[in-house]
Amino acid sequence: MPVHNDEIAAAFDEIADLLSLSGENQFRIRAYRRAAQTVRALPGELATRIASGFDPDQLPGIGADLAAKIREFVATGRCRALEELRRSIPRGLRELLALPDVGPQRARALYESLGIHGLADLREALARHRIRRVPHFGARLEERLRKSLETLGERSHRVLWSVADGYAQALRRWLAAIPGVAQVEVAGSYRRGRETVGDLDLVVAAPPGVDVDRALRGYDEVASVLASGRTRSSVVLRSGLQVDVRVVPPASYGAALYYSTGSKAHNIHLRTLAVAKGLKVNEYGVYRGRTRIAGETEESVLAAVGLPYIEPELREDRGEFDAAAAGRLPTLVTRAQLRGDLHSHTRATDGMASLEEMVAAARQAGLRYLAITDHSKFLGAVHGLDATGLSRQIDEIDSLNERIRGIRVLKGVEVDVLEDGSLALPDAVLAKLDLVVGAVHSQFDLPRKRQTERLLRALDHPYLSVLAHPTARLIDQRPPIDCDWGRVFRRAAERPCWMELNAQPARLDLDDVLAREAAASGVLLSIASDAHRVEDFALLEGGVRQARRAWLSASAIANTRPLGELRRLLRGTFLK
Ligand code: DGT
Ligand code: CA
Ligand code: CA
């Protein structure tokens, strides 16, 4: 039974949560969390590598004990340590963790100060306004908890694109291997590159007589069958993810792929355009009367209604038809056009690899420059750099630049934007760097006016090159900060300061809508991995996907520029 990286990671995260609920020591907990991150970030399936002899204890931060648990999980689909923990901790306490604002520490605090054992207890305590009296909780958090408790039942079961990817590609390979199958593609929101995916939609081209449905039911991750038939099947995988499969003859493949890729709003718009030309579009083709005039490829479907090809990422009915008709569709940025990365970490702060290792990995990923931007020291940061630490790193980078070939290391920092909009390091220190990446890591729930002023004040600072993960949202875990982005983007464009499109799968921040708005205001974007380990440069692909959904071309992205031009532009972000 193939076990996906995401399932292993989820098991480790749950162990960490449960250990933390039971007050276990921080080192063990952190080891599980780190292992979860490591496994989740791996580019290929770990189970496959283990099957061909790889020992998971070779992975950074994974020792003999964790490696044994991974091997057990991969071999049996089970993790006994997790099962025991689940038995020993009351279900009610575990339920609390389903709330986005409640981690193990807060769950423990609720339990210890108010005896809250589960969601029912929490609901009652909220009704009596008792939560705000728990140390470190307060009225604002109480209000957020009330809201998230209300919406808990409605919260969708969408998964991150990066999680869906593991399931989607494994299934695609399975279906592509069926004798007689001509083509298979994963369509739907996955193909449009949405940051989260509700279910998977696969389109299969096969001549009649190829029993795709039976092959699908034979896939060993299938937990239940919702619908079964010659042209359509739906199943639910063990992970809970639903999969819809549509089978069409090769002559209809383009039309079916087009239909299943969506979005629904895009399809409806296309159908209206077709009707105006006396045509009919459906999942089998484009028809004039009863004659099929197109359908084998997506290009043929669009050409039949007089339009050029429209990339899947643009198919959201956000103006793509008008742009296509006017010949003004953007040439979307590609991963190959990225020449560098302006946000990364090393072991000097919370990264997992040394400076040399990160730089070598970036070069391996085809990048020609890499900015090292470790964290500044600020209140609460576990191991941020102070002025002395940063000076030492500057020297190390200077000496590394003399030794290495093929890539240039830029000196940077990820400095905290404090509550009043000032930066957490003195100007004299920042002035020595090639770039300064500012980021909000605290006071996420300031009211809109104060949050906007905070960012505008940061933009007034003489040394600020890029605002990292501007909204600070974490998909499904933390909402974006509330801010007047129109004002912030206008100020950033004048200054100039760049906005980041952070490629971490749970961040993807700015999102597609805001990134498009920023670029339209004249702000340059930086697609950045925020790499904490050598594998993380692969994440840039997801940042590019989001940028494409934002209609961005290479010209809107700072890190598509050659090094010389980039350095010149960076100097322009320092106002002194
Ligand atoms: P998801 O799964 O919620 O992340 O989003 P999608 O876009 O994958 O939506 P899904 O799985 O419900 O349907 C897949 C595609 O099928 C959708 O993007 C467009 C097409 N589709 C679904 N329902 C309709 C419909 O009522 N009319 C038309 N024209 N197309 C539809
Ligand atoms: Ca879908
Ligand atoms: Ca679907």
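Preceding this paragraph is the structure being described.
Summary of the structure given here. Not measured: the values here are computed from a predicted model.

On to the overall build of the chain. A tally of helices and strands in the chain yields 24 helices and 17 strands. In terms of overall size, the chain behaves like a compact globule, its C-alpha atoms giving a radius of gyration of 25 Å where 576 residues would be expected to give roughly 25 Å. Counting only C-alpha atoms, the chain reaches 75 × 60 × 55 Å along its principal axes. Each of the 576 residues in the chain was classed as buried or not, and the buried ones make up 52%.

Moving on: the coordination of the calcium ion (ligand 3). The coordination sphere of the calcium ion (ligand 3) contains the protein donors Asp199 (OD), Asp199 (OD), Asp201 (OD) and Asp244 (OD), at a distance range of 2.3 to 2.6 Å. If you list the donors of the calcium ion (ligand 3) from N- to C-terminus, the spacing comes out as D-x1-D-x42-D. In this structure the calcium ion (ligand 2) is found 3.7 Å away from the calcium ion (ligand 3), and aspartate 199 serves as a bridging donor for the pair. One end of the pair, aspartate 199, is in the loop between strand 3 (196-197) and strand 4 (200-205); the other, aspartate 244, is in strand 7 (residues 242-248), and 45 residues separate them in sequence.

Taken as a whole and judged by the stated rule, the model has five aromatic pairs. Relative to tyrosine 190, the ring of tryptophan 161 has its centre 4.8 Å away and its plane inclined at 10°; by these criteria the two rings are stacked. Residue tryptophan 161 is located in helix 10 (residues 161-176), and its partner tyrosine 190 is located in helix 11 (residues 188-192); the two are separated by 29 residues in the primary sequence. The buried category is assigned to tyrosine 190, whose relative accessible area is 8%. For the ring pair tryptophan 174 and tyrosine 219, a centre distance of 5.5 Å and an interplane angle of 50° mean the geometry is tilted. Remark: tyrosine 219 occurs in the loop between helix 12 (212-217) and strand 5 (222-227) and tryptophan 174 occurs in helix 10; sequence separation between them is 45 residues. A relative accessible area of 39% places tryptophan 174 in the partly exposed class. Over the face of the ring belonging to phenylalanine 54 we find arginine 49, whose NZ or CZ atom lies 4.2 Å from the ring centre. Above the face of the tyrosine 287 ring, lysine 280 is positioned so that its terminal group lies 6.0 Å from the ring centre.

With mixed pairing, the five strands of this open sheet are ordered in space as 2-4-7-6-5. Each edge of the open sheet carries a strand with a single partner, namely strand 2 (183-186) and strand 5. Strand-to-strand, the axes of this sheet are offset by a mean angle of 25°, without reference to chain direction.

Let's shift gears to the nonpolar core. In terms of nonpolar packing, the biggest core is built from 64 residues, with Val436, Val488, Phe489 and Met499 touching the most fellow members. If you tally residues by element for this core, the top one is helix 17 (residues 355-364), at five residues. Setting aside anything within four residues of it in sequence, one finds phenylalanine 489 in contact with Met499, Leu510, Leu514, Glu517, Ala518, Ser521 and Val523. Core analysis: the second largest hydrophobic core is formed by 48 residues, Leu19, Ala36, Leu119 and Phe137 among them.

Ligation of the calcium ion (ligand 2) by protein atoms is provided by Asp199 (O), Asp199 (OD) and Asp201 (OD), these donors lying 2.2 to 2.6 Å from the ion. If you look at the calcium ion (ligand 2), its six donor atoms make angles of 71 to 165° with each other, and the shape they trace is irregular.

Around ligand 1 sit 16 residues in total, of which Arg158, Ser189, Arg192, Gly198 and Asp199 are the nearest. Aspartate 201 is positioned such that a nitrogen or oxygen atom in its side chain is 3.0 Å from an oxygen atom of ligand 1. Contact with the protein chains hides 72% of the accessible area of ligand 1, taken as 600 Å² for the molecule alone. Mapped by element, the contributors of at least two residues to the shell around ligand 1 are helix 11, helix 13 (253-261) and helix 14 (264-276). Per-class residue counts for the shell around ligand 1 are two nonpolar, eight polar and six charged.

Excluding glycine, residues mostly have negative phi values, and the peptide bonds linking residues are mostly trans. Backbone torsion omega between glycine 262 and serine 263 reads -5°, so that peptide bond is classified as cis. Here serine 263 is to be found in the loop between helix 13 and helix 14. Put simply, aspartate 509 and leucine 510 share a cis peptide bond, and its omega is 5°. One non-glycine residue, histidine 469, lies in positive phi territory at about 20°. The class of histidine 469 is buried, set by a relative accessible area of 1%.

This brings us to helix 18 (residues 387-403). The end-to-end C-alpha distance of helix 18, which contains 17 residues, comes to 25 Å, matching closely the 24 Å that a straight helix rising 1.5 Å per residue would cover. Every buried residue of helix 18 is accounted for by Gly389, Leu390, Gln393, Ile394, Ile397, Leu400 and Asn401. Projected down its long axis, helix 18 carries its buried residues within an arc of 140°, all on one side. Residues of helix 18 that are exposed and point over 90 degrees away from its buried face: Thr388, Arg392, Glu402 and Arg403. In this structure, the buried side of helix 18 is in contact with helix 17, strand 12 (369-372), strand 13 (408-416) and helix 19 (427-430).

Attention shifts here to the pattern of salt bridges. One pass over the full model with this rule turns up 40 salt bridges. For the salt bridge of glutamate 195 with arginine 473, the shortest nitrogen-to-oxygen distance reads 2.8 Å. With glutamate 195 in the loop between helix 11 and strand 3 and arginine 473 in the loop between strand 15 (466-467) and helix 21 (485-494), this residue pair connects regions lying 278 residues apart in the sequence. Assigned by exposure class, glutamate 195 and arginine 473 land together as buried. For glutamate 419, the salt bridge is made with arginine 450, and the minimal N-O distance between the two is 2.7 Å. A residue pair is termed long-range when its members are at least 10 positions apart, and glutamate 419 in the loop between strand 13 and helix 19 and arginine 450 in helix 20 (residues 448-460) qualify at 31 residues. A relative accessible area of 43% places arginine 450 in the partly exposed class. Among the charged side chains, a salt-bridge network with shared partners connects Asp6, Asp13, Asp17, Arg33 and Arg40.

Below, the discussion takes up helix 23 (residues 540-549). Of all ten residues in helix 23, nine are buried; the element is thus mostly enclosed. Taken residue by residue, helix 23 has Leu540, Gly542, Gly543, Val544, Arg545, Gln546, Ala547, Arg548 and Arg549 as its buried positions. Packing partners of the buried residues in helix 23 comprise helix 10, helix 11, strand 11 (340-341), strand 16 (498-502), helix 22 (512-520) and strand 17 (525-528).

The next subject is the pairing of strand 16. Within strand 16, five of the five residues are buried, leaving the element largely enclosed by the surrounding structure. Side chains Trp498, Glu500 and Asn502 of strand 16 all project onto a buried face; the interleaved residues Met499 and Leu501 project onto the opposite face, where all are buried too. For the crossover from strand 15 across helix 21 to strand 16, the handedness is right-handed. Of the pairings in the sheet, the one linking strand 16 to strand 17 comprises four bridges and is parallel in character. Counted as the bridge partner of asparagine 502 is alanine 528 from strand 17. With helix 22 bridging strand 16 and the parallel strand 17, this β-α-β connection has right-handed handedness.

Calculation rules
- Residues numbered from 1 in each chain as written.
- Chains lettered and ligands numbered in written order.
- Predicted model: local features only at pLDDT ≥ 70, side-chain atom pairs only at ≥ 80, totals over all residues.
- Heavy atoms only, no water.
- Helix = DSSP H or I, 4+ residues; strand = E, 2+ residues; numbered from the N terminus.
- Rg over C-alpha atoms; globule rule 2.2 N^0.38 Å.
- Buried < 20%, exposed > 50% of the residue type's maximum accessible area, 1.4 Å probe, protein only.
- Donors = N, O, S within 2.8 Å, 3.2 Å for Na, K, Ca; no water.
- Phe/Tyr/Trp six-rings, centres within 6.5 Å; stacked < 30°, edge-to-face > 60°.
- Lys NZ or Arg CZ within 6 Å of the ring centre and 35° of its normal.
- Pairing = 2+ DSSP bridges.
- Axes fitted to C-alpha atoms, helices over the stretch in contact; angles between N-to-C directions.
- Core = buried A, V, L, I, M, F, W, Y, C linked by side-chain atoms within 4.5 Å.
- Contact = heavy atoms within 4.5 Å.
- Tetrahedral: all angles 85-135°; square planar, octahedral: opposite > 155°, others 65-115°.
- Near = heavy atom within 4 Å.
- Polar contact = N/O pair within 3.5 Å; in protein donor to acceptor, adjacent residues only side chain to side chain.
- Areas by Shrake-Rupley, 256 points an atom, 1.4 Å probe, with all protein chains shown as cover.
- Nonpolar A, V, L, I, M, F, W, Y, C, P; charged D, E, K, R; others polar.
- Expected span 1.5 Å × (residues − 1).
- Arc of directions from axis to C-beta.
- Salt bridge = Lys/Arg side-chain N within 4 Å of Asp/Glu carboxyl O.
- Right-handed = clockwise from strand over helix to strand, strands pointing away.

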